Amino acid sequence: MVTGTPLAKWLGERGISRLDVVGIATDYCVRATVIDALKIGLEVRVLPDLCSPVHEDTAAKVLDELAALGAVIMPSSRA
């Protein structure tokens, strides 16, 4: 049984409309987080220099996919 406040509701109650996403597993966890955030209408920026893919050969493809879905891909120095 899940308890607590859903993240989308928690963010909305605080007026958060933009998310910067970083982390490990660009091709799994980061990808899933970005897709979920876009689905709830958040503006999303991915900072790839602060991410690490599980499979190096899929990193560029994943970032292209996320950009096509509406995420902004930018280095952390510009964020």
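Since we're looking at a predicted model, the values are computed, not measured. (Residues numbered from 1 in each chain as written. Predicted model: local features only at pLDDT ≥ 70, side-chain atom pairs only at ≥ 80, totals over all residues. Heavy atoms only, no water.)

Now for the nonpolar core. The nonpolar side chains of soluble globular proteins are, as a tendency, buried together. Judged by nonpolar contacts, the single largest core of 15 residues is most densely connected at Val 30, Val 34, Val 44, Val 46, Leu 66 and Ala 71. With five residues, helix H2 (residues 26-39) is the largest single contributor of residues to this core. Excluding anything up to four places from it in sequence, Val 46 contacts Val 21, Val 30, Val 34, Cys 51, Leu 63, Leu 66, Ala 71, Val 72, Ile 73 and Met 74. (Core = buried A, V, L, I, M, F, W, Y, C linked by side-chain atoms within 4.5 Å. Buried < 20%, exposed > 50% of the residue type's maximum accessible area, 1.4 Å probe, protein only. Helix = DSSP H or I, 4+ residues; strand = E, 2+ residues; numbered from the N terminus. Contact = heavy atoms within 4.5 Å.)

Before going further, it helps to examine the pairing of strand S1 (residues 18-24). Two strands pair when backbone bridges link them, and S1 and strand S2 (residues 43-52) are joined in this way by six bridges, in the parallel orientation. Counterpart to Gly 23 in the pairing with S2 is Cys 51. With H2 bridging S1 and its parallel neighbour S2, the resulting β-α-β unit is right-handed. (Pairing = 2+ DSSP bridges. Right-handed = clockwise from strand over helix to strand, strands pointing away.)

Before going further, it helps to examine the packing of H2 against helix H3 (residues 59-69). H3 packs onto H2 with a crossing angle of 0° between their chain directions and a minimal axis gap of 11 Å. One element, H2, and the other, H3, form an angle in the roughly parallel class. Every residue of H3 that contacts H2 at Thr 26, Asp 27, Arg 31, Val 34, Ile 35 and Leu 38 is listed here: Val 62, Leu 63, Glu 65, Leu 66 and Leu 69. Its residues assigned to classes, the contact of H2 with H3 comprises seven nonpolar, one polar and three charged. (Axes fitted to C-alpha atoms, helices over the stretch in contact; angles between N-to-C directions. Parallel < 35°, antiparallel > 145°, perpendicular 65-115°, else oblique. Nonpolar A, V, L, I, M, F, W, Y, C, P; charged D, E, K, R; others polar.)

Turning our eyes to something else, we now look at H3. Regarding H3, the residues found buried are Ala 59, Val 62, Leu 63 and Leu 66. The buried residues of H3 occupy an angular sector of 95° when projected down its axis, which confines them to one face. Seen from the open side of H3, the exposed residues pointing more than 90 degrees away from its buried face are Ala 60, Lys 61, Asp 64 and Ala 68. Its buried side turned inward, H3 meets H2, S2 and strand S3 (72-73). (Arc of directions from axis to C-beta.)

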